[in-house]
Amino acid sequence: GRWARNRGMPRPLGHREGVKAVRRVVEACRKHHIEALTLFAFSSENWRRPKTEVSLLMDLFISTLQKEVDSLHANGVQVRFIGDRSPFSPKLRQLMDDAEMRTQANPGLRLAIAVNYGGRWDIAQAARTIAARVQVGELALDDVDAELLGRQLSLADLPEPDLFIRTGGEQRISNFLLWQLAYTELYFTDTLWPDFDEHSL
């Protein structure tokens, strides 16, 4: 949005340029043999944006998935989505499910896209899962520790991130992968996301 505003353009054009940056970064990660990449596409806080902007973002999300999954699959990328999908349209949820099913056996870059995601939500849903297991007697209270909690989180099967990159001049985590970032290097850059490329990476 800021990228577009700085150029006197409507915000949706900035979002479209942001999709191009996603493509560049995914390609660069494949080229440099990065094992896993998680992108924050839509946070749980983003619903507070104007309804027209949210609607345009959803349309862009659908069209991007329809265009990009073939290429991702052909390049061996495994795609998954993390976050609460329930508020999204049935069409968008189906596209997410289809993309995951189609690419789940791919051996290359593991690409996680965080949608309607928040780090606090992630920890809370892990705690609820464990509480339910304690309630039915499947787990004892003494079994609950950090390792068990970590295994219930959205990216439990991936190594913890080595690097967190925040573009656009903001120097905060913004509720992203709060648990997973405990020992991660934090890198902040003034470069706006649509300008982020392989050289920036």
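Here, every reference points to the structure presented above.
Residues numbered from 1 in each chain as written. Predicted model: local features only at pLDDT ≥ 70, side-chain atom pairs only at ≥ 80, totals over all residues. Heavy atoms only, no water.

Engineer: Which residues make up the packing of helix α2 (residues 11-31) against helix α3 (residues 51-74), and what are the values?
Structural biologist: Between α2 and α3, the shortest axis-to-axis distance is 11 Å and the interhelical angle comes to 25°. By the angle between their directions, the pair α2 and α3 is classed as roughly parallel. Of the two elements, α2 crosses α3, and the hand of that crossing is right-handed. Mapping the contact onto sequence places Arg 11, Pro 12, His 15, Arg 16, Val 19, Arg 23 and Val 26 in α2 and Glu 53, Leu 56, Leu 57, Leu 60, Thr 64, Glu 68 and Leu 72 in α3. Split into classes, the residues belonging to the contact of α2 with α3 amount to seven nonpolar, two polar and five charged. (Axes fitted to C-alpha atoms, helices over the stretch in contact; angles between N-to-C directions. Helix = DSSP H or I, 4+ residues; strand = E, 2+ residues; numbered from the N terminus. Parallel < 35°, antiparallel > 145°, perpendicular 65-115°, else oblique. Left-handed = near helix turned anticlockwise from the far one by under 90°. Contact = heavy atoms within 4.5 Å. Nonpolar A, V, L, I, M, F, W, Y, C, P; charged D, E, K, R; others polar.)

Engineer: Describe in detail the packing of aromatic side chains, supporting the description with residues and values.
Structural biologist: Geometry of an aromatic ring pair is reported as the spacing of the ring centres plus the angle between the planes. Taken as a whole and assessed by the stated rule, the structure comprises 12 aromatic pairs. Where Phe 40 meets Tyr 117, the ring centres are 6.0 Å apart and the plane angle is 80°; that geometry is what we call edge-to-face. Placement of the pair is Phe 40 in strand β1 (residues 36-43) and Tyr 117 in strand β3 (residues 110-117), with a sequence separation of 77 residues. Phe 40 gets classed as partly exposed once you look at its relative accessible area, which sits at 31%. Aromatic pair Phe 61 and Phe 88: ring centres 6.5 Å apart, planes at 85°, arrangement edge-to-face. (Phe/Tyr/Trp six-rings, centres within 6.5 Å; stacked < 30°, edge-to-face > 60°. Buried < 20%, exposed > 50% of the residue type's maximum accessible area, 1.4 Å probe, protein only.)

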